[in-house]
Amino acid sequence: MNRPHRDPDPAARRGGDGHRAARTGAAVALALAAVCYASWLLAPVLNPGLLPVESYLSELAARDQPYHLVFQLGDVTTGLCATLAGLLLARRAREMPRPAWWGLLVFGVATAVDGGFTSMDCAPSIDDRCARLEELGELSWRHQAHTVTSSLAVAGALLSAVAVLAVLRGPAPRRAGLSVAVVLALGTVGTLVATLHPEWGLGLWQRVQLAGLSGWLLLTAAVARWGPGPERPR
């Protein structure tokens, strides 16, 4: 005798739909964050006065620079999207370690604050007066706090990136993760070294670092949507 067909448990079905919707929403938010975080690519058109080899990318958003609102908006949008994604994934992506999403949250909040509240007063790489005031500590608290929020954002991103990279499975995800890791590591180490020796291409290394961070956001978007890769055989 054939057994009567039973529909799946409605509660379980709604839970599965909510799970997929949350992960899809997080993936879209992360992809948008990656695009907005690359707003510095507009610099040659909007602010060609800042030399790419010598200038901090944060100087594009300095309040005395042309089109600074464009770059501030890019950071704020990036931060809000990353924060939203982190909140969604912290509850839904159970197969990923929590540091992946906690780091994403730290990055998101710090980047939003960075763009919205602690943008620099001026651009010291092209303004001698600004450089002198910065050295004397006579610029605003927002300018001085910028280093803190930027450092927190990078620290959160690195924590998340390491956690994501550690659990990638399958050849294609691992190749993509390795590519992101190499770019991000080169950019971060180069930036740290060039901070002590700005003449060694500080701006160039920082641009490599931000390219790696955009790659990390895109990689995390893929993991949010499809998971870390094929299941391992048991």
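Placed above this text is the structure.
First things first, this report covers the structure right here in the doc. (Residues numbered from 1 in each chain as written. Predicted model: local features only at pLDDT ≥ 70, side-chain atom pairs only at ≥ 80, totals over all residues. Heavy atoms only, no water.)

Quick look at the nonpolar core now. By size, the foremost hydrophobic cluster in this structure holds 42 residues, and its most contacted members are Leu30, Leu104, Phe107, Trp216 and Leu217. With eight residues, the top contributor of residues to this core is helix H8 (residues 202-226). (Core = buried A, V, L, I, M, F, W, Y, C linked by side-chain atoms within 4.5 Å. Buried < 20%, exposed > 50% of the residue type's maximum accessible area, 1.4 Å probe, protein only. Helix = DSSP H or I, 4+ residues; strand = E, 2+ residues; numbered from the N terminus.)

This brings us to the state of the cysteines. Applying the stated criterion to the full structure yields one disulfide. Two residues, cysteine 122 and cysteine 130, share a disulfide whose sulfurs are 2.0 Å apart. Because the torsion about its S-S bond is 80°, the bridge between cysteine 122 and cysteine 130 counts as right-handed. Just as cysteine 122 is buried, cysteine 130 falls in that class too. (Disulfide = S-S within 2.5 Å.)

On to the side chain of serine 58. Position of serine 58 relative to the elements: it lies in the loop between helix H2 (43-46) and helix H3 (68-92). By relative accessible area, serine 58 is classed as buried at 18%. At 2.8 Å, the side chain of serine 58 forms a polar contact with the side chain of histidine 146. If sequence neighbours within four positions are ignored, serine 58 has contacts with Met120, His146 and Ser150. (Polar contact = N/O pair within 3.5 Å; in protein donor to acceptor, adjacent residues only side chain to side chain. Contact = heavy atoms within 4.5 Å.)

Bringing the side chain of aspartate 114 into the picture now. Note that aspartate 114 resides in helix H4 (residues 98-116). One buried charge, aspartate 114, has no salt-bridge partner; the nearest side chain with opposite charge is arginine 63, at 9.1 Å. Polar contacts involving the side chain of aspartate 114 include one to the side chain of threonine 149, which spans 2.7 Å. When neighbours within four sequence positions are excluded, aspartate 114 is seen to be in contact with Ser119, His146, Thr149 and Ser150. (Lys, Arg positive; Asp, Glu negative; His and termini not counted. Salt bridge = Lys/Arg side-chain N within 4 Å of Asp/Glu carboxyl O.)

Taking 1.5 Å per residue, 26 residues should reach 38 Å; helix H7 (residues 171-196) reaches 38 Å between its end C-alpha atoms and fits that length. Those residues of H7 that sit buried are Gly177, Val180, Leu184, Gly187, Thr188, Gly190, Thr191 and Ala194. Residues of H7 that are buried make contact with helix H6 (141-166) and H8. (Expected span 1.5 Å × (residues − 1).)

Within an α-helix, residues lying three or four positions from one another point in the same direction, as the helix has 3.6 residues per turn. Between its terminal C-alpha atoms H8 stretches 36 Å, which fits the 36 Å expected from 25 residues at 1.5 Å a residue. Glycine 227 lies just past H8 and shows a positive phi near 90°.

Turning our attention to the packing of aromatic side chains. Within this structure, the stated rule accounts for two aromatic pairs. When the ring of tyrosine 37 is compared with that of phenylalanine 107, the centres are 5.4 Å apart and the planes differ by 80°; the resulting orientation is edge-to-face. Taken together, the positions of tyrosine 37 in helix H1 (residues 10-37) and phenylalanine 107 in helix H4 put the pair 70 residues apart, joining distant regions of the chain. Like phenylalanine 107, tyrosine 37 is buried. A centroid spacing of 5.1 Å and a plane angle of 90° characterise the contact between phenylalanine 107 and tryptophan 216, whose relative ring orientation is edge-to-face. A residue pair is termed long-range when its members are at least 10 positions apart, and phenylalanine 107 in helix H4 and tryptophan 216 in helix H8 qualify at 109 residues. Using a relative accessible area of 0% as the deciding quantity, one classes phenylalanine 107 as buried. Since its relative accessible area comes to 1%, tryptophan 216 is described here as buried. Three or more aromatic residues joined by ring pairs make a cluster, and in this case those are Tyr37, Phe107 and Trp216. (Phe/Tyr/Trp six-rings, centres within 6.5 Å; stacked < 30°, edge-to-face > 60°.)

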